[in-house]
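# Secondary and tertiary structure notes
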Amino acid sequence: MKNKMRMTFLLVSCVMLLMAMPAMSQPEGDDDKTLSPYFFVQTDDPSVDQLPLKSTSVDVNVSGVIADVVVTQVYKNEGKRPIEAIYVFPASTKAAVYGMKMTIGERTIIAKIKKSNEARQEYEAAKEAGQSASLLEQQRPNVFQMNVANILPNDTITVELRYMELLVPTDKVYEFVFPTVVGPRYSNKNAADVPPSEKWISNPYLHEGEAPTSTFSLSMNLNAGLPIQEITCSTHKVNIRYQGPDKAGITLDETEKQGSNRDFILQYRLAGARIESGLLLYKGEDENYFLLMLQPPERFTTNQIPPREYIFIVDISGSMHGFPLDISKRLLKDLISGLRPTDRFNVLLFAGSSFVMSERSLPADQKNIQRAIDVIEHQRGGGGTELLPALKRALALPGTEGFSRNIIIATDGYVSVEEEAFDVIRNGLGDANMFAFGIGSSVNRHLIEGMARVGMGEPFVVTRPEEAASKADKLRELIQSPLLTNIQIDYGKFKVYDMEPPAIPDLLAERPLVVFGKYRGQPRGEIEITGLTGENDFQTRIDVSDVEPMTSNLALRYLWARHRIAVLSDYNQLRSTDERVREVTNLGLTYNLLTAYTSFIAVDSEKRLVNDQATTVNQPLPLPQGVSNYAVGRGGVFSRVKASSPAQPFVETLAGSPRVMKEVDTEEKASHDASRPVPSDKVDVQLYLKLGKVTASSKVLKEAITQLVEKELKTIRACYQVSQGMNSGETREMTITLTIDSKGHVIKARMGEKAKDKKFEECIINQLKTLTFPSPSSGKAEEITIVLVLKA
């Protein structure tokens, strides 16, 4: 009876609190709310259509190495009130978005590219004036946001956007990826303080297992230009119709209409002993563009591989202590042990200063390999980090004539990086191939991806111990077979400029060489490409006058600008400058491209909404396939209370926050598994959780476990929602003993004392069971002990 009275009081309090809110306000306490995604809740108000996006259809035309993609989004208002729809969706970081149009009934409005702040102002003015409008903004290089204003009841508004993408094969396989859903993202910033460009993070999500609320379709016309050996799609069921040896039509199967909860990935391989290399030209009104691609042979022998030199640059700073440095050791031991006797190598360690194993690279014999392993094994991690001096020192080491030099950088990315470091990588490609390997549970991905982009390479990231072996294998496959080194390109009478990359890396068996840029005048003369193989000198010529500029190669214009924008943006992430911002903005405006500073805006001239205001609706996103509810709300499952405004149909709350929570009935509680947090039926005190003591068989294992569990504390904290509660000022210690097998998987777990709060403790144990710990050095199962300290 007492509990029932308490719940009734809480519900009355919720209603009074919500009645006090203005129609468009946030709940009390939002000043302290961090930016977070939340679960979508369907309201009982039939007048507002909360699911305005009805379908997304994708049409792809692939011609040679260029994909031209048209994405059509259909919005329909099936409610009784006008709405504004907001939809957040992903895109490839390589996509050059060059056009958009909006269709309302018989009217089609072509979008214009404008500076982002001007486009946003024009959109808001149109919305306020009752005009329908659409606005496409880039929130991240791979995250876009579409706003569609003033969708009237029974309206259907279609928005079409176009982008192009260069398809470069890896391991002789071409891959087209269409991203479909943006996964939950987090920010520790206060929601009230962030700029509008960050608001997209706070987006509604469907629950785990719930099907997407809009349909998805895709069709592709593939004109490869060479015979197609095979086409595969591992993510979706597709129908493939071959229309000749080098052409095929691919359509998404009818059973995949709700398949937008996972990326669409299609791969194809071309037949023949060699994928032909060649030159593409596009003649524009003001500027002309070219793309030169040199493909490796389909088959080769070890005799064709030039001798190789590897310089391993290893970050041993304080942030690498524990798991990241352990993985670095394992990676380098694996790579060094696989070298051939004819190879040479060196190891350079850096933190505040740097240490090099030898002033000249050493032969990869057993003695030197063991010496390198000993050097690496004795590292523990400590001190600050300076990447630039380490890069300069590595490039300054004397090289070996005729050797293919490769520099592998292993770091968690939390280093002091000057813009000059990117310059060193970009301009040093002619002297060495650069590869970035990110290691750690929270890698600075931007830096790793930025170094890979300026190095014309692929980023490698290891966040968990079990990933290390496969990622090391992938890196080894990429770097072990340089087929052409010391590459020189003589363009002769073909007048080229503004080329990317500025220096030429080696041609690898798993990676083609791509050079693109602009040219002046008529295409004429010969391009001569020379280099060294393992057997002899290499030379080939391309007669430029034999290549006809094609209007179908328009993509070269957009792709050149998109690459330049991406490189400038990487530099801006290190240190933003007004000059680079202006350059990116001007590129977007000149080339009609979506960027961080330019947006597409389409406004209908007809005033359609009079004496009314549209309700803003955020289109809920499906959770990506395989992602659980724990990905939303930092691991917590939210309670919900309805508000009095259709614009604010529900309020999300999380255990531990100072906001009011709703009653949860007995049936709802019973339906939840104890392993998952459930909504709380009480007003919580603030809970603090920290890791106490960790006991393990070795110092290395103990440090790795400590780092892993500390990373998961916020998820574990969500278990408090199923607890019996704690009194303010109360402290509780929980000792958990885990048995992990030889691979680091938890096979047994128990509490150190009799359960005081069974559901709470079961939830924590189940959370810990999902973790994969580093493998014990003994190679056998062993017990580890973890102490958690809770304070209310």
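Everything below is about the structure printed above this text.
In short, a report on the structure. (Residues numbered from 1 in each chain as written. Predicted model: local features only at pLDDT ≥ 70, side-chain atom pairs only at ≥ 80, totals over all residues. Heavy atoms only, no water.)

With nine of ten residues buried, strand β8 (residues 131-140) is to be regarded as a mostly interior element. Of the strand pairs in this sheet, β8 and strand β33 (residues 598-607) are connected by five bridges, and their pairing is antiparallel. Paired with Leu136 across the bridge in β33 is Phe600. Counting the residues between successive antiparallel strands, the hairpin from β8 to strand β9 (residues 143-151) contains two residues. (Buried < 20%, exposed > 50% of the residue type's maximum accessible area, 1.4 Å probe, protein only. Helix = DSSP H or I, 4+ residues; strand = E, 2+ residues; numbered from the N terminus. Pairing = 2+ DSSP bridges.)

Counting buried positions along strand β24 (residues 404-411) gives eight out of eight residues, so the element sits mostly inside the fold. Taking every second residue as pointing to the same face, both faces of β24 are buried, with Ser404, Asn406, Ile408 and Ala410 on one and Arg405, Ile407, Ile409 and Thr411 on the other. Bridge analysis of strand β20 (residues 308-315) against β24 gives seven bridges, and the strand direction is parallel. Note on β24: the bridge partner recorded for Val314 is Ala410. Taken together, the six bridges between β24 and strand β25 (residues 433-439) define a ladder with parallel strand orientation. When the sheet's bridge partners are listed, Ala410 is paired in β25 with Phe437.

Quick look at the sheet that holds strand β30 (residues 513-520) now. Read from one edge of the open sheet, four strands run β18-β19-β30-β28, paired in antiparallel fashion. Two strands in the sheet have a free side with no partner beyond their single neighbour: β18 (278-283) and β28 (495-500). Each strand axis lies, on average, 25 degrees off the axis of its neighbour in the sheet, ignoring direction. (Axes fitted to C-alpha atoms, helices over the stretch in contact; angles between N-to-C directions.)

Attention now goes to the sheet that holds strand β32 (residues 537-543). Pairing is antiparallel in the open sheet, where four strands are placed in the order β29-β27-β31-β32. Looking along the sheet, the strands with just one partner apiece sit at the ends: β29 (507-508) and β32.

It is worth stressing that arrangement in space is one thing and function is another; only the former is reported here.
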